[in-house]
Amino acid sequence: MKEFIKNFANQFDDTELSEFQPETKFRDLEEWSSLTGLAVMNMVEKKYGVKLTVLDLRSVNTIEELYNVVTSK
Amino acid sequence: MKAYINAISYYLPEKVLTNEELVSEFPEWSVEKVANKVGVVQRHISAKDETAGDMAVKAAEKLFEEYGIDKKIIDFVVLCTQSPDYFLPSTACVIQSRLGLSTSCGAFDINLGCSGYEYGLAVAKGFLVSGIAKNVLLLTAETYTKYIHPKDKGNRTIFGDGAAATLVSMEGFAEIGEFSLGTNGQGAESLIVKAGASRCFEKLNDLAFDENHTPHSSDHLFMDGKAIFDFTSDAVPIMVEDTLAKNLLSLDNVDLVVFHQANKYMINYLRKLLDIDKERFYIFLENVGNTVSSTIPIALYEAVKEDRLHGNVLIAGFGVGFSWGATILKCK
């Protein structure tokens, strides 16, 4: 989970690392955009070999929820 | 025999669409966020009766005037566009006449988008090296905004219209190196205007909106952002590596990288993937947006003006097709 958060945070440029917690609602982050979503999906495929769909991403709100989707696939 | 970029000029249509205007149409959009993420503050929009051919002519006239080029020397004109003036003839043939170029001048269109500038340079270099032509006028011009549905805020934010003119000669400021080119037609439907040409001549009038209120219509430009993102993050690093190998260079020997200016987020993502520092990465998007095949010549023109185009410059285009291409420019 810790590593997943780090990889997730790497897709951002300006947001402080401390702002990324399991319960963080990532869409509320100032820097979040649909483009960040694409980068996150790409990271998940490259690092975890899991192909997320846009619907997968849309179905979750927090980083932990996303992590659970990734590990369940 | 070597081939060089001798001169570059560009033309942008008069009408400007600002982020403020876009946000007034799409209140859920934020002016700052668009500027920060996509990196575009304004884009130029072709007039209703202004075509890619019209803009290419203007860019060429500007080139001739700016550098005092005698148009009699042009013995080939290539226009790269996906918004030609007609189905037939080639817009390049019409341009030969409009520019008053010699009738012994060859002319044709190349139908490519974001990778078009590299393919145009490859063709021009091929003509020079093989002795087919001595001075190739390479034009890139696009009016994608005419293909975009008015409610398609994403694409209206990214794309702008424009044209560029490049003279490729046996002398110049940037020697054109070896190329890495590639294609994967499986991505054809990821960025497409489906209706209007031969496969589907009649308009389909099948407009529908998805859950994000994004319009989907066969009669308009469709872009699958995720597919494009995945394709570029896979293809571009491989292409960069191949280009460096073919030019016997390593990334450390590259002085400036100029990618197709797709949008700021995307190209910065690629920059980080490739571990290229910001100082060697050129971005010119703010006032023009993504002008498709003209983003690289426009960026090169501005980089020359800023005195940043020296040494080995890596240029790379990628997108619609899927199609990609890159080369090294050895600059003085």
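For the structure itself, look to the data block above.
The written sequence of each chain sets the order in which its residues are numbered from 1. Chains carry letters and ligands carry numbers; both start at the beginning, A for chains and 1 for ligands, and go up in the order they are written. pLDDT decides what is reported in this predicted model: residues at 70 or higher carry local features, side-chain atom pairs at 80 or more are listed and counted, and totals for whole chains, interfaces and linings draw on all residues regardless. With hydrogens and water set aside, each side-chain value is computed from the structure's full complement of heavy atoms.

## A look at the pairing of strand 1 (residues 4-11) of chain B
Residues and elements named next belong to chain B. In this scheme, a residue with accessible area under 20% of its type's maximum is buried, one over 50% is exposed, and one in between is partly exposed, where area comes from a 1.4 Å probe on protein chains only. A helix here means a DSSP run of H or I that spans at least four residues, while a strand means a run of E at least two residues long, and both kinds are numbered starting from the N terminus. The buried fraction of strand 1 amounts to 7 of the 8 residues, a majority that puts the element mostly inside the structure. Across 7 bridges, the pairing between strand 1 and strand 7 (residues 162-169) is antiparallel. When the sheet's bridge partners are listed, Tyr11 is paired in strand 7 with Ala163. Two strands pair if DSSP finds at least two bridges between them. Sheet topology note: the strand 1/strand 8 (residues 174-183) ladder contains 2 bridges and is antiparallel. Bridging from a neighbouring strand, Ile5 pairs with Ala174 of strand 8.

## Comments concerning helix 9 (residues 295-305) of chain B
Residues and elements named next belong to chain B. The buried count for helix 9 comes to 9 of 11 residues, which makes it a mostly enclosed element. For helix 9, the complete set of buried residues consists of Thr295, Ile296, Pro297, Ile298, Ala299, Leu300, Tyr301, Glu302 and Ala303. Where helix 9 ends, the next residue or the one after it, Asp307, has phi of about 60°, a positive value.

## What about the interface of chain B and chain A?
Frequently, the measure chosen for interface size is the accessible area that the parts lose on association. If you look at the interface, chain B gives 15 residues, while chain A gives 20 residues. Here chain B and chain A share an interface that buries about 1,400 Å² over both sides, 48% of which is from carbon and sulfur atoms. What makes a salt bridge here is a side-chain nitrogen of Lys or Arg within 4 Å of a carboxyl oxygen of Asp or Glu, nothing more. On the surface where chain B and chain A come into contact, there are 3 salt bridges. For Asp13 of chain A, the salt bridge is made with Lys272 of chain B, and the minimal N-O distance between the two is 2.7 Å. Of all the secondary-structure elements, those providing two or more residues to the side of chain B that touches chain A are helix 2 (31-38), helix 7 (225-246) and helix 8 (264-274) of chain B. With 6 residues, helix 7 of chain B is the largest single contributor of residues to the side of chain B that touches chain A. The contact criterion used is simple: two residues touch if any of their non-hydrogen atoms lie within 4.5 Å. By buried area we mean how much accessible surface two parts lose on assembly, using a 1.4 Å probe and totalling the loss over both.

## What about the packing of helix 2 (residues 34-48) of chain A against helix 7 of chain B?
Axis geometry follows a simple rule: fit a line to the C-alpha atoms, using only the stretch in contact for helices, then measure angles between N-to-C directions, giving values from 0 to 180 degrees. At a minimum axis separation of 10 Å, helix 2 of chain A and helix 7 of chain B run at an interaxial angle of 50°. On the basis of the axis angle, helix 2 of chain A is oblique to helix 7 of chain B. In this structure, helix 2 of chain A crosses over helix 7 of chain B, and the sense of that crossing is right-handed. Between helix 2 of chain A and helix 7 of chain B, the contacting residues are Leu35, Leu38, Ala39, Met41, Asn42, Glu45 and Lys46 of chain A on the first element and Gly225, Lys226, Phe229, Asp230, Ser233 and Asp234 of chain B on the second. Gly counts as polar in this scheme, as do all residues outside two lists: the nonpolar Ala, Val, Leu, Ile, Met, Phe, Trp, Tyr, Cys and Pro, and the charged Asp, Glu, Lys and Arg. Tallied by class, the residues present in the contact of helix 2 of chain A with helix 7 of chain B amount to 5 nonpolar, 3 polar and 5 charged. Note on terminology: angles under 35 degrees are roughly parallel, angles over 145 are roughly antiparallel, angles of 65 to 115 are roughly perpendicular, and the others are oblique. Left-handed is the label given to a crossing in which the near helix is rotated counterclockwise from the far helix by less than a right angle, and right-handed is the label when the rotation is clockwise.

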